[in-house]
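One letter stands for each residue in the lines below.
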Amino acid sequence: QLQASGGGLVQAGGSLRLSCVASGRALSSYVMGWFRQAPGKEREFVAAITRSGGVTKYADSVKGRFTISRDNAKNTVYLQMNSLKPEDSAVYYCAAGITIARLNAADFGSWGQGTQVTVSS
């Protein structure tokens, strides 16, 4: 099971750092991704990172502002979010995948409870 945390209420331009911890499995075996879902919208890809952390990919909407990283020794994946905008408001989820070549939500599993991020203008 994956558990995301670190969300909260922040003003536009602010920063948050999300964490995703796994219980019962080694995250090092998986490509890890962050996704988000705003009310009334479909779940969308945000960022992904390969098993070693050597390759990362981002949605165009967050490129240059968000950074995904991982610490396999701590079984944790992070999402550093800077220069936050109101349109970044959503529930953020982490999930485990097989390949960084496929970044649709349907290609990821082990969805855990998300964490709410709210950015005020």
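Described in the following lines is the structure provided in the data block. Computed from a prediction, not measured in an experiment: that's the story for all the values here.

Quick look at the overall build of the protein chain
Then step 1. The helix and strand tally for the protein chain stands at zero helices and 11 strands.
Then step 2. Reading the helices (α) and strands (β) of the protein chain from amino to carboxyl end gives β-β-β-β-β-β-β-β-β-β-β.
Then step 3. Relative to a compact globule of 121 residues, whose C-alpha radius of gyration would be 14 Å, the protein chain shows 13 Å and is just as compact.
Then step 4. C-alpha extents for the protein chain along the principal axes are approximately 40 × 25 × 25 Å.
Then step 5. Counting only residues that meet the buried cut, the protein chain has 43% of its 121 residues in that class.
Then step 6. For the protein chain, long-range pairs separated by at least 24 residues make up 58% of all intrachain contacts whose partners lie at least 6 apart in sequence.
Then step 7. Approximately 6,000 Å² of the protein chain is accessible, and the part contributed by carbon and sulfur atoms is 47%.
Then step 8. Both charge centroids of the protein chain, one from 13 positive and one from 7 negative side chains, sit 6 Å from each other.

What to know about the pairing of strand β1 (residues 2–5)
Then step 1. Only one face of β1 is buried: it carries L2 and A4, and the other face, with Q3 and S5, is open.
Then step 2. The pairing of β1 with strand β3 (residues 16–22) spans four bridges and is antiparallel. Bridging from a neighbouring strand, A4 pairs with C20 of β3.

Notes on the nonpolar core
Then step 1. By size, the foremost hydrophobic cluster in this structure holds 37 residues, and its most contacted members are W34, L79, M81 and Y92.
Then step 2. For this core, the secondary-structure elements that each account for two or more residues are β1, β3, β4 (31–37), β5 (44–49), β7 (66–71), β8 (76–81), β9 (90–97) and β11 (115–120).
Then step 3. Every residue in contact with Y92, bar those within four places of it in the chain, is listed here: A4, L18, W34, F35, R36, V46, F66, L79, M81, G114, T115 and V117.

The rules behind each value
- Residues numbered from 1 in each chain as written.
- Predicted model: local features only at pLDDT ≥ 70, side-chain atom pairs only at ≥ 80, totals over all residues.
- Heavy atoms only, no water.
- Helix = DSSP H or I, 4+ residues; strand = E, 2+ residues; numbered from the N terminus.
- Rg over C-alpha atoms; globule rule 2.2 N^0.38 Å.
- Buried < 20%, exposed > 50% of the residue type's maximum accessible area, 1.4 Å probe, protein only.
- Contact = heavy atoms within 4.5 Å.
- Areas by Shrake-Rupley, 256 points an atom, 1.4 Å probe, with all protein chains shown as cover.
- Lys, Arg positive; Asp, Glu negative; His and termini not counted.
- Charge placed at Lys NZ, Arg CZ, Asp CG, Glu CD.
- Pairing = 2+ DSSP bridges.
- Core = buried A, V, L, I, M, F, W, Y, C linked by side-chain atoms within 4.5 Å.

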